[in-house]
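Fold and geometry: a report
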Amino acid sequence: MFATKFDYQKASSVSEAIQLLASNPGAKIIAGGHSLLPMMKLRLTSILMLIDIGGIEEMRGISVANGILRIGALTTHAEIADSHDVKDNAGILWETAYGIGDPQVRNRGTIGGNISHADPASDLPTVLKVMDAKFTIQGTGGIMRGGSRTVSADDFFLGPFETALGENEILTTIEMPVLAANQHAEYAKMAHPATSFAVVGAGIVVTVENNICTAARVAVGGFTPIPTRGPSVEQALVGKELNEENIVAATSLIHNDLGSDVFGDVFASAEYRQAMAAIELKHAIYHATGFAHHN
Ligand SMILES: Cc1cc2nc3c(=O)[nH]c(=O)nc-3n(C[C@H](O)[C@H](O)[C@H](O)COP(=O)(O)OP(=O)(O)OC[C@H]3O[C@@H](n4cnc5c(N)ncnc54)[C@H](O)[C@@H]3O)c2cc1C
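Keep in mind the model is a prediction, meaning the values are calculated, not measured.

Calculation criteria
- Residues numbered from 1 in each chain as written.
- Predicted model: local features only at pLDDT ≥ 70, side-chain atom pairs only at ≥ 80, totals over all residues.
- Heavy atoms only, no water.
- Helix = DSSP H or I, 4+ residues; strand = E, 2+ residues; numbered from the N terminus.
- Rg over C-alpha atoms; globule rule 2.2 N^0.38 Å.
- Buried < 20%, exposed > 50% of the residue type's maximum accessible area, 1.4 Å probe, protein only.
- Contact = heavy atoms within 4.5 Å.
- Lys, Arg positive; Asp, Glu negative; His and termini not counted.
- Charge placed at Lys NZ, Arg CZ, Asp CG, Glu CD.
- Domains from an automatic or database assignment.
- Pairing = 2+ DSSP bridges.
- Axes fitted to C-alpha atoms, helices over the stretch in contact; angles between N-to-C directions.
- Salt bridge = Lys/Arg side-chain N within 4 Å of Asp/Glu carboxyl O.
- Near = heavy atom within 4 Å.
- Polar contact = N/O pair within 3.5 Å; in protein donor to acceptor, adjacent residues only side chain to side chain.
- Areas by Shrake-Rupley, 256 points an atom, 1.4 Å probe, with all protein chains shown as cover.
- Nonpolar A, V, L, I, M, F, W, Y, C, P; charged D, E, K, R; others polar.

A look at the overall build of the protein
Across its full length, the protein carries 13 helices and 14 strands. For 295 residues, the compact-globule estimate of 2.2 N^0.38 gives 19 Å, and the C-alpha radius of gyration of the protein, at 19 Å, lies within 12% of that figure. Across its three principal directions, the C-alpha atoms of the protein cover 60 × 45 × 30 Å. In the protein, buried positions account for 48% of the 295 residues. Counting contacts in the protein only where the partners sit at least 6 residues apart, residues at least 24 apart contribute 61% of the total. The protein carries 20 positive and 31 negative side-chain charges, and their two centres are separated by 6 Å.

Remarks on the domain arrangement of the protein
Under the domain assignment, the protein is made up of domain 1 (7-52), domain 2 (57-177) and domain 3 (183-294). Just the C-alpha atoms count here: the centres of domain 1 and domain 3 sit 36 Å apart.

As for the sheet that holds strand 1 (residues 7-10)
Read from one edge of the open sheet, three strands run 1-3-2, paired in parallel fashion. Of all strands in the sheet, those bounded by a partner on one side alone are strand 1 and strand 2 (27-30). Averaged over all pairs of adjacent strands, the angle between strand axes in this sheet comes to 25°, irrespective of strand direction. Where strand 2 meets strand 3 (residues 49-52), four bridges bridge the pair, whose relative direction is parallel. Each residue of the ladder has a partner; that of K28, found in strand 3, is L50.

A short note on the pattern of salt bridges
Side chains bearing opposite charge may pair, as long as their charged atoms lie close to each other. The tally for this structure, following the rule as stated, stands at eleven salt bridges. Residue E57 is joined to R60 by a salt bridge in which the shortest nitrogen-to-oxygen separation is 3.9 Å. Looking at R60, the relative accessible area reads 30%, which means it is partly exposed. D132 is the partner of K134 in a salt bridge, and the nearest nitrogen-oxygen pair spans 3.5 Å. Residue class for K134 comes out partly exposed when judged on its relative accessible area of 33%. Take D132: its relative accessible area is 28%, and that puts it in the partly exposed class. Within the structure, one salt-bridge network assembled from shared partners comprises D132, K134, D154, R217, R229 and E234.

Here's the deal with the side chain of R106
Within the secondary structure, R106 is located in helix 6 (residues 103-108). Buried and without a salt bridge, R106 has D102 as its closest oppositely charged side chain, separated by 6.2 Å.

Some remarks on the site of the ligand
Of all residues adjacent to the ligand, which total 32 residues, the nearest are I29, H34, S35, L36 and T110. One of the backbone N or O atoms of I29 is found 2.6 Å from an oxygen atom in the ligand. With respect to the ligand, the backbone of H34 contributes an N or O atom lying 2.7 Å from an oxygen atom. Burial of the ligand by the protein chains amounts to 91% of its free accessible area of 970 Å². Mapped by element, the contributors of at least two residues to the shell around the ligand are strand 2, helix 7 (111-117) and strand 10 (170-177). Sorting elements by how many residues they give to the shell around the ligand places helix 7 first, with four residues. Among the residues making up the shell around the ligand, the classes are represented as 13 nonpolar, 16 polar and three charged.

Listed below in structure tokens is the structure:
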């Protein structure tokens, strides 16, 4: 099927893109197009004007300074998977980027588009939530007039395909603290065999001191409306040695945190995905702590 007719404008700066959005009701921005174009072609959405932000240089690139890893929203999955800065400072993100879709998707799809689209089956919302990421959003006020705000990953995702992005706003930057030497992070997923989208995805960041877990962030996604933190699991891990018995006991508590809105489909039922969440969390912690490699 073909998309309905639309106009097209290319923006060369963030402020121009915001201005085009504000002056063209019914317009939408396009980054890599790997989520938006399929929706347009299936006529799940119809758009009057596409504003192409793909050429905006200020929205690209990866850097590390003062303990913060900063990634421009237009950075592609392939660029993240190819970055030593990401590998050295946020290995969980580096590895996840490798597992997204196929080379074509990784070469065109962007981190900003992935997050803004907020598909519950995407990997990056779950990973950025456990990494305690912050998102910079710019809007019509202009950066000098207070038009820039920061939203944490915990507050950004509001529902399936729904985020804290307001009208005429653009996500420009993703920032996260670099992992310390005593922090271990991992993402494990049960991937859909056709697309690699997460049927169940689980991310963890644990801090270990003198063999004891002193802090933990846990999130699961793929089968819940938004990536879901696991406070029951986090509390059960803290203060414990990360041995097999304690990891299995803690991860089995994830069902307490999922709520009633768990997705299922012909591929995998809600009950199955819920059971797999504990398994994928266990895998993630086993790998993060090296337990998987020694036992
Ligand atoms: C076959 C296939 C397999 C895939 N497999 C996976 C997978 O395994 N894991 C996974 O996580 N993802 C997967 N994806 C999704 C992929 O990661 C896309 O890159 C991502 O969903 C969208 O990025 P994009 O740059 O293409 O966004 P676009 O399609 O250009 O835009 C998507 C939406 O976000 C908005 N948007 C884009 N950029 C911004 C911005 N900077 N600020 C505000 N709004 C913005 C657009 O207006 C649009 O509504 C897959 C996609 C395909 C087609």
